[in-house]
Structure formats: structure tokens, C-alpha cells
Amino acid sequence: MPDPETSKLLALARRTPSNLRYFFERLDDDPGWIDILEREGFFASPAAVERTEDDEGTWLRFPDWPASRYLARVASLAPERVAQLLLALPDTHNVRVHEDIIEAAQQMPNEWADRLAERELAWFTTNSGPLLNYAFRFVDLGISLLESEREERALAIFDAVLTLYPAENPSSSRQRPGTRLSEWEYREAAEKIWPALLEHEGPDGLRFIAGKLQRAVDLSMREDGHDLSYLWRKAIEDHAQNLGDSVFDALVNATRDMALAAATDDPERVLQVLGEFEAPIFARLRLHVLRVVGDRLPRATAETLLNRENLEDPELWHEYAELLRARFSQLGIEQAARLLRMIREGTADEAADETERGEALRAYRRYTRLAVIAEHLDGEMRADYEALVVRYGPPDHPEFLAHTSTWTGPTSPLSGEEIRLRTPAELVEFLNDWEPEQTPGPHSSPEGLGRLLTEVVAGAPEPYATEALRFIGRDPTYVRALLGGLEQAAKAGRRFDWQRPLELAKWVIEQPESERPDQLNMERDTNWRWARKEIARLLGRGLEAGAASFAAESREVVWSLLSRLAEDPEPAPATEHDENGMDPATRSLNVTRGEAMHSVVRFAMWVERLEGDAFQGLASVPEAQACLERHLDPDRDSSPAVRAVYGMWLAQLIRIDEHWVADHTRDILPTAIDEARLFAAAWNAYVVFTRPWLGVLPLIEHAYVLAVERLPEEPPERGLTDRPDEKLAEHLVWYAVMSAIPFEEPGLWRDYWERASPHLREHTVEHLGRMFRDATDVPEEVLERAHQLWTWISVHVEEKQRPQTLAAFGWLLSAKALDDEWLLTQALELLEEGIHLDADFIVWEALTRTVEPYPAASAGILRMMIQTDPNRWSVSGSEETVRQILEKAIASGDPEAGRRAKDAINVLGARGMHGFRDIAERFLG
Amino acid sequence: MATADSYPPPESARESFSLTPRQESLREALAAQSAEAARLYVGGLRVLADQDNPTSLRLASTAMRELTDELAVARGVVDLRGGSVKSRINNLRERVNGLSALLRVPTPSAQHVAKMLDHLDEFFRREEQINPSRKKKARLVVAAISVSAESPDLVAGPQADRLLELSGAFSAMLHGSSRSRFEQVLADFESLLLDLLTPDTFEDYATIDELISKGPPRA
């Protein structure tokens, strides 16, 4: 029976899981506690594997067991006692407990370590669960045993860790070896094992690793005895041509490295051991060893090089070629002559084929074989080789049967600097003469040159603007590049003379369309469509306010270009059926007619700027008005991309001509079901790209009603732009708070709320908070409406949706403009329903604002946030902010605030966050 | 003429009821788990405080016992959505009947046999979730509400046993008990819940440090 103090201590240790861990940690390395802990059953039940199931499957967690951690720590001080306890442990699948057993065993005398290793071998070979770091620790134990002459047990451990077994490969008809470890773990384990084997057993230890490689090959080798290693391992040395990190690679590397390390003492023995294995990969390994240490084995090197089978075996070629390259100079005169004769004669099979094809094959083989020793050739052989180079070109990696290379991006024949140093006239002259290579592989292209030209023109547009007409008749790629450079220059506000670029643009637009199909060509434009689109963009840029804007006199010429581009065939109806990856608004910015229609609206606003007070709406721009009306006729233009242009500019169109929009609202946003696609195009573009305006709503309220009716049940996946349904929610929240739409009575808001998905409702609340987050000087009636809207939402949300929808109140809590007392009351009520507020960091930020005036409520919210945190990482990343709140709450002297802060600190401590302990000790004793 | 029963006393037990800071801590911690559990807890305490009510101990016992059940439901330890036992059995019968004709042939297909076994397996697994054993339920409740980052299984056995024992004690008190006995059981119940929901982590650590510093006990 323990004494009262010990009883109290042990009871405290068992009180909570965090106490238990803390207790064992604080025992440090004192083995004096072992007996009492054993008597009280602290070593009786290893922490079990935790298994949870959810929709995605079964999850396993392997918790630390503080008791086995303690035993591992004191193992060296009480080895026999600890070993007895560990040997008596009940079976467990918790790998962390087994890691502790290994750690303990490593600190024990041989006898006990060996007995624990025996127990662990039994577990390891029958357990199929995750291993975490166990395998590496087990290997370490094996190495310790090897060093203490327990060789048999050590090899059994290595054998178990590197075990290979037949396994089906579903993606291939070829069988692959299965392993107990991942490929990465296997490689690491092999890298640990071979140096220990070499240290203990010398070159003979190579048999173990080489045996594993032979086993891996046996499990996948074809019946004809070919291991195909030249395919899965192109080079024995580390090389970019090697394909991966498979178990084969791990074993080839380990065998190679061990062989080379052993060869420093006894190269002949190494070659002999490698020769005991049959697979072709071992012949390659021998060639590789000779390449490295061949200077110490000149006879073996010469015999190997002069062995015709080695020269002619394609599976050995890479290593033979490297050996030849490295050791040819080491051969005697006679030997070198013999080798060259072998190369000249070719194989018996090759020599027998007297056809043209046979001659070509012989020549090509000779070419690759001579290429690796080209620097040593002279006389007749040199002449022969040089003739072959003329025939086949400079050798490209002759040491590989097949060499893989990659191509990246277009390149230019001139650097940016070289373009800058030329005048536009000199550059055009260069373009007239230069033709890109027609060979496969990396080479310069018009596209590459065009990209650099764009950069150069963007930086210094004036010379190219002045000489723009020199580009008439040039390849479309260069013309587009020049126009693109001018567009970027205008965007950056760099002035230039527009006259000649506009003349060039006119010439481009007049070019007949190529009859060639618009084939995919990464190197050059095959027609003028890209250049036309660039013109539409360039015109838009010139119509924007800024330093590079068009002068008033350009109106006629600009419109003549724009009006033609606005009738461009792109986008063709066929290309708009499939909108995968590109919504109509985005498409409008990537096709000529869409870009031109954007510029038509800009044209109207440009005229508005020019005319000032004299501007009379679209009546002042009749050409643009007519164009806009023409494209609203679905019989003339049914493109969703073009209709999206109206949506994007709708608020601006209303600003400049409200009456015109009123007359055409239902053309822009048609309600008929057969025009739903056009409605969606215009509506989505409007709602995504425009914030709500009080003046806009009355004109298009019908569209809001229709958008609500057509809210998708399944929200679309988030694309490149914002989601229209979320933006609709944001508009409606704003209108509701601004009293533009009532939420107390049936109508738009209520219809929306009924149709909104849980996600959309959550987004609605979040946006309500975001609206007021940084707002200042908000009118009282607006704040009052925000309060009322929240109250309405909290009453009208269905019971089962409350947690998801109302959690977003966290964003409201951050709203400085709203009344803090009201916010805190609402937040506490939600938390006391068990609703954790989102987002955590927003809530912490808000509490730093409220904690001084309202310490008890703020501390209560903090405590409840921690307590309701489902993932238990709520505070992570915000520790300093949370610390501030806790300290201020306690320093306030409010007992309620102090109690809640203390509870919070204790819960955090139980969750392993001990960084707040000092606050508890400083303030609370 | 007014009698003693005509009006409540000037200050009733209900009006004088208030929570201690410890009880308030527990109430808040329970609310984070389930608002209903917190209401049951406060309701139990409130009725306990009404010493004039002869059924107060029985009502308070009921509230505390139901509190554990409520935690089990709120944390998804038991599933109440399964409907009645009768409807669950009927549902199984319908599914089995659909297959039985196919199985009453000389050589029933392995696929149909497997499907039948799947139905039975699903039924039993679901029954276990709807109505786990008391011991299993206690263990699951402890695991579900523990705030500790450590595996609750490290000490869940004793804590779950204690929860089971205290729930049993509340049940037993439905048939009569003394107030002092009830208060003792309640105090133990509150301590257990606080250990799980809002443990005195750092006070405990300080005591552990102090006791360990005295060294291991002599053999």
C-alpha cells in the first residue's frame, strides 16, 4: 500500500490523460519509480491504436504511451528490470510502443537486447500496419547487435526489413517485388545497412545486399533471362537519365556503393562476389566497378574491354561505353588495335547483312562506338569517324542506346539587348532574312522572338510607333508582338504617336483571312486572328483615361477600326458551346469581337470625357449606340461572351444613359427561358464584376428576382472568377442593410433565403460581417438594419442548419461599427448553443478590442471558443493575440473574467499548449 | 383570510438559487458540448435547491442521469435517428424477404448470399450504434467530451468506470436517498465532468511537481 503522498500523486497522475503524460515526463530518468508503478498497474495496458471511421474511410492513430517512453529513458540505468517489464507487456499493435521497446533494447547489454529483438522480430514479421519510424530504429538495433557479435539476429533483422515478396502490379503485366517499406524507406534502410555489413564482414557482406537485388530481379525477370535493367536503370551511376526511385534503384545504389567502397581494399574479391550473381545487372555493376578502379586491375580491364560479347551486348552498352571512354588509354598498342578492329568489323550478324540497310546499321554502330573514344582516334579510323559525323551529325549522348531530352518554351534568335541595339528598320531586315530551323528539339522560333519584341516595344514604344508601317507584310506573329508591346506601353502611360500604329492596324484588319485551318502552332501565328484581337485590346487602351489616351481628332479613324472589329467572326457559335474552363465574361476578354465590344463601351465613355457637360448620353455617340443595339439582337449576335460585355458594363451604362438602359433592360437581361443562356452570361458578368448600387436596383430588379429563381441547387465549383451565387448574396445583403429591399415581408429577400443553399446562407452571414469590419461613420439607421437583419436570420434559419449558418457570426464580431455589447451577447448565446464561431483569428482579433471594456464577456467568449473548437487548433498561430486577451481579462480584476480566463488556460494546457502556464502562475497562483 | 398556501414566501428557494463559480464553469463547459446538457444540469441544481419540494432529489437524480444520455446523443455516441425497434426490424424483414425467394433454390448464387449477409451485418452494426452497451457508451462519452490532447484511452478506463458508477448511483437514488448522499454523489459527478471538460491542468501539474520532488517511495 503506497504512502498517502504517493497515493495522492498516483491518483493525480491518473486523473486526466494530460496529467499522466506530465507525470511520466517529470519522472525524468529516475528508475526508482519502476517498482511502485508496476505494482499500481501503470505498465499493464499499452496505449491502444485509436481507430475512427468517417465517410472517407478508417483512420488509425498511434498514440504515445508515456509509460513506455519512461521505460525507454531509464533502460540504461535498470536494464534487467526494464527488459523484464517490456518482455511481459501484453501484445499491442501500437507501433509507437514498439519503437520504445527498440529504443530501450539499444541501451541494454547484449543478452537482454537480443531477447527483446527476438520478440520484436516476431511482431515485425506478422504485423502489416503502418511503421512510422520503426523500421529505421529496428535497423539501428540490428546494427548494434552486429557490432556486438550477435550476427545471426542482426542479419535476421536486416532480412526482415528488406524482405521482398511477389506482388501483382495492377498497372502492368510485369510482376514487381512487394516490400514491407515504402520505396523511400527501403532506400534509406538499405543505405544504413550496407556500411554496417561492410564494416563487419568486408567484401563478403556484399552477398547480402546483392542477394536482395538478385531476388528483386528474380521476382520480375522475364523467362528468357533478361532483366531489362537497361530500361529501368539506364545508368549504374547517378544520372538524370535514370527514371526513378524504385526498390530496384535502391538496391542497385546500395550494391554499387558497397561494391565501390569494398573495392578500395579488395577489388578482385568484389568482382568475384558480383560474378556469383546471374542477372545482367550484375555484369553492368562489374563494368562500373572496373570503370572506377580499373587502374588497379589493368589486366581484368583489358580482358573485359576486348571481350566481344561485352562490346556487342546492347544491355551492357552504357557501362561498357563508359568503361571504354575511361580506360581506352590504358590499353597497350596491340590491345587498342584489336579493339578498333572489333569495332570496324562489327558483329558477325552485322557483317553478314550485305544490303543497304545492313551497311547503314554497321555504319551507325561504328559511329556510336567510335564516338566515345573520338579523342583517341587518328589516321584511318579518325577519317572514318569524321565521315560518319558528316553523315549523322555531331554525336548526341552516344553512351546511351536512347537518350531522353525535354523542350521548354519558345526561344528567340536575338536577345532583348540585341533587339534594343537594332533600329526598327534593322530588325525588320533581320526578320526578312531569318528562318527558324525545321528540326525537332529546342530551337528559336518567331513566337520566342515576338515575346522579346513585345517587351522591348513596351519599354520604349516611340521608335516602333513611328516605324510601325515597316511591319506591313511581315509575319502575323511579329505584327501582333509589336501591337502587344504598344498596348503594354499605353497601359503603363508611355506616350507615343498613334497615327502609324492605327494605319498598321487598318492594314491588318483588311487582310483576307487565311484559308488554312487555325491549327495549333506553338511557334508562330498561322493567321491574323491573334493580331486582330490585339488591335481590339490596343484600341481599348487608347480609349482609357491616361497619358497615352487618343486625341479627340482620332474619333473617326478609331471608330472605323472598332466598328469592323465589332463584327469579327470570333467568337464563332461553335466555339461557345463548350464553356469548360472559361465563363462568357472571361471569354469576352479573349476573343476579338468580345474585346472590341468592351472597347465600344469605352469609346462612349471616352466621348463623354471629351464632351464634358455637353455629353447627352448615348445620343452623343450614335455610332456606338447603334452598334450596342445591333448586338443585342439575338438573331444577329447570339454570343454569350458578347452579352457578358453588357453585364460587366451595366452599371456604367446606367450612369451614362439610364433611359437607354431602361428601354433595353429586357434585351440585355432577357427573361424568356429559351434565352436563359444569354441572361446567365449578362447577369453573372454583372453580379461578379459590379458592386451593388442603389440607382441600379430599380432598373434591373426583375433580373435579381429571376437570378434568385434560377439559383442552382448544387452550387458550381469555384472557377477563376468569384461565384455568381455568392456575389448575388452579397448584393442582397447590401441592399437589405441599405433598406433598398425589405426582409420583414414576402419578396426578394425571403425568396432568396428560402432558395439559398446552406453554404450560401453561411456566406450571407459572413458577408454581413465583412461589410462592417472596417467601416466607419456608418449611419445609425444602417447599423440598426444590420442588427435587425441578423436577428431575422437567426430566427429564420432551420434548426439543423444553425451551426453552419450562424458560425459565420464571427465575422460580425469583427465589425467595429456595430455595438460591442450587442455583439458579445449574441456571440455568447451562439457559443452556449455549442456553435463555434468562424473564423477563429477574426474572433481573437475582435476580442482584443472588446476585452478592456467587457472583460468577463470577452473572456467567456474566448473560453467557449476554445471549448467548442472541434479541431483543437483554434489558437494555433494566434498565441500572442490570445495571450493578450487572457492577460487583460485577468488584469481587469473582474472575478468572472479571471475564472473564465483560468478555465481557458487549463483547457489549453490539457490540449498540450503549455505556453500559457506562466499567466496562470503569475496571476492566479 | 390568506393562508400559508395562498402566496409564496417573500423569498422563495427558486429566487435564492445561484451557481458557485465551479458550477458556472461546468455549466459553460457543458453548454459548449450541448445546450440541452447545460439546461439539464442547471435544472437539476435548481430543483435540488428547492428544499420545500419533497420530490426534489428524485427530479435532480433524473436530470443528472439524463445529462449523460444527452451528452451521448449530442456527441454522436448514440444515434437516435434509427426509429423504433419495431420499424428497424420491419425494415430488415423487408430487405431479407426480397432476397429470400432468390435464396430458396437448390444452388443460391453467392452474390445473393453475400447480400443477405451484408444486410444482417449492417443491421447488427447499426443496432450497436443505436443502443451500445452501458459500458461502451460510457467509454465513448468520455472519449467524445474529453478536452485532452492525449488519447483518452490512457485513462479512459477509470474515468468511464467512474461515469458508469455515478450514473448508476443517480438511478438508484430515484428510489430514495438522503440529501447528504445525493450531494456527495453530485460533487463526485461534477468533479469527473470538470476533469473531462475543464481540468485543473496547471494546478495539478504544480502538485505533481511538488510530490515528485520528494522522490520515489522507499521499498
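Preceding block: the structure.
What counts and what doesn't
Residues numbered from 1 in each chain as written. Chains lettered and ligands numbered in written order. Predicted model: local features only at pLDDT ≥ 70, side-chain atom pairs only at ≥ 80, totals over all residues. Heavy atoms only, no water. Contact = heavy atoms within 4.5 Å. Buried area = accessible area lost by both parts, 1.4 Å probe. Salt bridge = Lys/Arg side-chain N within 4 Å of Asp/Glu carboxyl O. Polar contact = N/O pair within 3.5 Å; in protein donor to acceptor, adjacent residues only side chain to side chain. Helix = DSSP H or I, 4+ residues; strand = E, 2+ residues; numbered from the N terminus. Nonpolar A, V, L, I, M, F, W, Y, C, P; charged D, E, K, R; others polar. Patch = residues over 30% accessible without salt bridge, like charges linked within 9 Å, V, L, I, M, F, W, Y side chains within 5 Å. Areas by Shrake-Rupley, 256 points an atom, 1.4 Å probe, with all protein chains shown as cover. Lys, Arg positive; Asp, Glu negative; His and termini not counted. Charge placed at Lys NZ, Arg CZ, Asp CG, Glu CD. Buried < 20%, exposed > 50% of the residue type's maximum accessible area, 1.4 Å probe, protein only. Axes fitted to C-alpha atoms, helices over the stretch in contact; angles between N-to-C directions. Parallel < 35°, antiparallel > 145°, perpendicular 65-115°, else oblique. Left-handed = near helix turned anticlockwise from the far one by under 90°. Pairing = 2+ DSSP bridges.

Asks: I would appreciate a short explanation of the interface of chain B and chain A in the present structure.
Replies: Reports of interface size often rely on the accessible area that becomes lost once the parts have come together. Listed as interface residues are 41 residues of chain B and, on the opposing side, 54 residues of chain A. Between chain B and chain A, a total of about 4400 Å² is buried, with carbon and sulfur atoms accounting for 57% of that surface. Ranking the residues of chain B by area buried against chain A places B:Glu28, B:Phe202 and B:Tyr205 at the top, with a combined share of 16%. There are 10 salt bridges connecting chain B and chain A. Viewed at the interface, chain A and chain B are joined by 23 residue pairs in polar contact (both at pLDDT 80 or more). Among the elements of the structure, helix H2 (21-33), helix H8 (153-172), helix H9 (179-197) and helix H10 (201-212) of chain B are those that each provide at least two residues to the side of chain B that touches chain A. The element that contributes the greatest number of residues to the side of chain B that touches chain A is H10(B), accounting for 11 residues. Along the lines of polarity and charge, the residues of the side of chain B that touches chain A split into 20 nonpolar, 10 polar and 11 charged.

Asks: Which parts of the structure should I look at to understand a negative patch on the surface?
Replies: All names here are of chain A. A surface patch of negative charge is lined by Glu780, Glu781, Glu784, Asp819 and Glu821. The element best represented in the negative patch is helix H43 (residues 780-796), accounting for 3 residues. Note on placement: glutamate 780 falls in helix H43.

Asks: Where do I start with unusual backbone geometry in this structure?
Replies: A negative phi angle characterises most non-glycine residues, just as the trans form characterises most peptide bonds. Residue and element names in this part refer to chain A. The linkage connecting glutamate 570 with the following residue, proline 571, adopts the cis geometry, with an omega of 10°. Position of proline 571 among the secondary structure elements: in the loop between helix H30 (555-565) and helix H31 (573-576). A positive phi angle, close to 50°, is found at aspartate 28, a residue other than glycine. Here aspartate 28 lies in the loop between helix H2 (17-26) and helix H3 (34-39). Taking the relative accessible area as the measure of exposure, aspartate 28 reaches 47% and is therefore partly exposed. Notably, leucine 132 is not glycine yet its phi reads approximately 50°, a positive angle.

Asks: Is there a simple way to explain the packing of helix H48 (residues 855-867) of chain A against helix H49 (residues 879-891) of chain A in this structure?
Replies: In helix packing, the relevant descriptors are the interaxial angle and the interaxial distance, both defined with respect to the helix axes. All names here are of chain A. Relative orientation of the contacting elements H48 and H49 amounts to 140°, with a least axis distance of 9 Å. For the element pair H48 / H49, the angle class is oblique. The hand of the H48/H49 crossing is left-handed. On the side of H48, the interface is formed by Pro855, Ala859 and Leu862, while H49 contributes Val882, Ile885, Leu886 and Ala889. Class assignment for the residues of the contact of H48 with H49 results in 7 nonpolar, no polar and no charged.

Asks: Got a minute to help me understand the pattern of salt bridges in this structure?
Replies: A side chain with one charge may pair with a side chain of the opposite charge, provided their charged atoms come close. The tally for this structure, following the rule as stated, stands at 84 salt bridges over all chains. The partner of B:Lys214 in a salt bridge is A:Glu5, and the shortest N-O contact between them spans 2.8 Å. Of this pair, B:Lys214 sits in the segment after H10 while A:Glu5 sits in helix H1 (residues 4-15), which puts the two residues in different chains. Taking relative accessible area as the criterion, B:Lys214 reaches 47% and is therefore assigned partly exposed. With a relative accessible area of 40%, A:Glu5 lands in the partly exposed category. Three or more residues are tied together by salt bridges with common partners; here these are A:Arg863, A:Glu896, A:Arg899, A:Arg900, A:Asp903 and B:Glu28.

Asks: Sorry, what's going on with the pairing of strand E1 (residues 50-54) of chain A here?
Replies: Looking along a regular strand, one sees side chains alternate from face to face of the sheet. All names here are of chain A. Both E1 and strand E2 (residues 57-61) contribute to a ladder of 5 bridges, which runs antiparallel. Looking at the pairing, threonine 52 lines up with tryptophan 59 of E2. The hairpin turn running from E1 into E2, its antiparallel successor, is 2 residues long.

Asks: Where do I start with the packing of helix H8 (residues 134-147) of chain A against helix H9 (residues 151-161) of chain A in this structure?
Replies: Residue and element names in this part refer to chain A. Where H8 contacts H9, the axes come no closer than 8 Å and their chain directions differ by 155°. In terms of their interaxial angle, H8 and H9 are classed as roughly antiparallel. Pair H8 / H9 crosses with left-handed handedness. Along its contact with H8, which presents Ala135, Phe138, Val139, Gly142, Ile143, Leu145 and Leu146, the element H9 presents Glu151, Arg153, Ala154, Ile157, Phe158 and Val161. Class assignment of the residues belonging to the contact of H8 with H9 gives a composition of 10 nonpolar, 1 polar and 2 charged.

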